[in-house]
Amino acid sequence: MGRRLRDNLSSAYIDAANRLNGKGARRKIIAYVEAYDDIFFWRTVLSGFENEEHYFEVILPSRLNLTKGKRSVLMNLVSQNMGENMIACVDADYDYLLRNTTPLSAEVNENPYVFHTYAYAIENLQCYAPSLHDVTVAVTLNDHSIFNFEEFLKQYSESIYPLFIWSIWHYRHRIHRKFTISDFNRVVEIGNFSLRGAVESLYRLRHKVQMRVRQLQRENPNAKESYLKLKDDLRALGVTPSTTYLYIQGHHLFDNIIVPVMKRVCDRLVREREDEINRNAVHDTQRRNELSSYSHSTEAIVPMLRRNVGYVNSEPFKRLKEDVGEFLKPKLQQPID
């Protein structure tokens, strides 16, 4: 038991503090998140539900100590203290797809005060395919569409889908050490990407995946029935061949797939804009001034992706919003004294 009151922060404590503010005051709901980068995302989720009756404060466990991460949030700090006034907001990781095969996955899926991304992580949603062209415009201030992100990620997803099923299969059967997430990531890397070589990169990827799938089939000759059953189960959870990228490890997708592709696209768009300035400048001074002005107006790719909110129309985000709405619905229906 902690010595200070804040060491024992709980939903009941927050409720008591809310009551001290009077009947007319808005009720505060504490939302614990895993890391600094998560605060902005969860603010975009929760702000739309704030009204004259309640509001959210999104904070880290570091308000209690310097511990971060899902396991710390759920299992060590707030799991026993959550309630109507204190919730946990976490990345789904594989836990959403594992259902209740582990204690942590059961906590993520069954605890009514735990909200998760449905996609593997926030990074997956930041890489939501229909939003990526808008990110390139924010980076380069050039609206020329030179690369079809949606088609690329669709083909990428369809290529890795059979191996992804095997990855979840190993984790559900608790033999993941035989085929870890790291093993999966090494297979689904696209290597040195170029715009001209995008088709070839996808071809090489499919070849690597097919080889590893055949190997796993040989190692697990009796797994066909459970594999097909798992495929149906995952489809019911939202995993389709064309959307697999939303459910693989978020950092891998962000750092090793999307950022390299976006760098190639944005470099091309910047050169295109600079060439336009060079062609149209009346004299050298104007050319230098325009190039300098344009350079100072462009942005870095990673910060723009981190602040990308184009995922609001994605299915995982819609499901998350529905969960929050259901959580608040009983409170909204309570009679006013």
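Residues numbered from 1 in each chain as written. Predicted model: local features only at pLDDT ≥ 70, side-chain atom pairs only at ≥ 80, totals over all residues. Heavy atoms only, no water.

Draft legend 1. Fine view of the packing of aromatic side chains. Counting across every chain of the model gives 18 aromatic pairs. Consider the rings of Phe 147 and Phe 152, whose centres lie 5.5 Å apart with planes at 55 degrees: the pair is tilted. What makes Phe 147 buried here is its relative accessible area of 12%. Ring centres of Trp 166 and Tyr 227 lie 4.9 Å apart, and the angle between their planes is 40 degrees; this geometry places the pair in the tilted category. Here Trp 166, found in helix H8 (residues 149-172), pairs with Tyr 227, found in helix H11 (residues 224-236); they are 61 residues apart in sequence, far enough to count as distant. For Tyr 227, a relative accessible area of 11% corresponds to the buried category. An aromatic cluster is built from Tyr 94, Tyr 120, Phe 164, Tyr 171 and Phe 184, whose rings are joined through pairwise contacts. The ring of Phe 254 has Arg 306 lying over it, and the distance from NZ or CZ to the ring centre is 4.2 Å. Here the basic side chain of Arg 307 rests over the ring of Phe 40, its NZ or CZ set 5.1 Å away from the ring centre. (Phe/Tyr/Trp six-rings, centres within 6.5 Å; stacked < 30°, edge-to-face > 60°. Buried < 20%, exposed > 50% of the residue type's maximum accessible area, 1.4 Å probe, protein only. Helix = DSSP H or I, 4+ residues; strand = E, 2+ residues; numbered from the N terminus. Lys NZ or Arg CZ within 6 Å of the ring centre and 35° of its normal.)

Draft legend 2. Representation of empty space enclosed by the protein in the model. For the coordinates displayed, the defined rule picks out one cavity of 30 Å³ or more. Reported here for the largest cavity is a volume of approximately 30 Å³. In terms of lining residues, the largest cavity is bounded by Asp 37, Phe 40, Phe 41, Gln 126, Arg 306, Asn 308 and Tyr 311. If you tally residues by element for the lining of the largest cavity, the top one is helix H2 (residues 36-46), at three residues. (1 Å grid on protein atoms, 1.4 Å probe; cavity = no way out; pocket = protein on both sides within 12 Å on 5 of 7 lines; lining within 4 Å. Points joined across faces, edges and corners; volume = space filled by probe spheres on them.)

These figures come from the coordinates and say nothing about function on their own.
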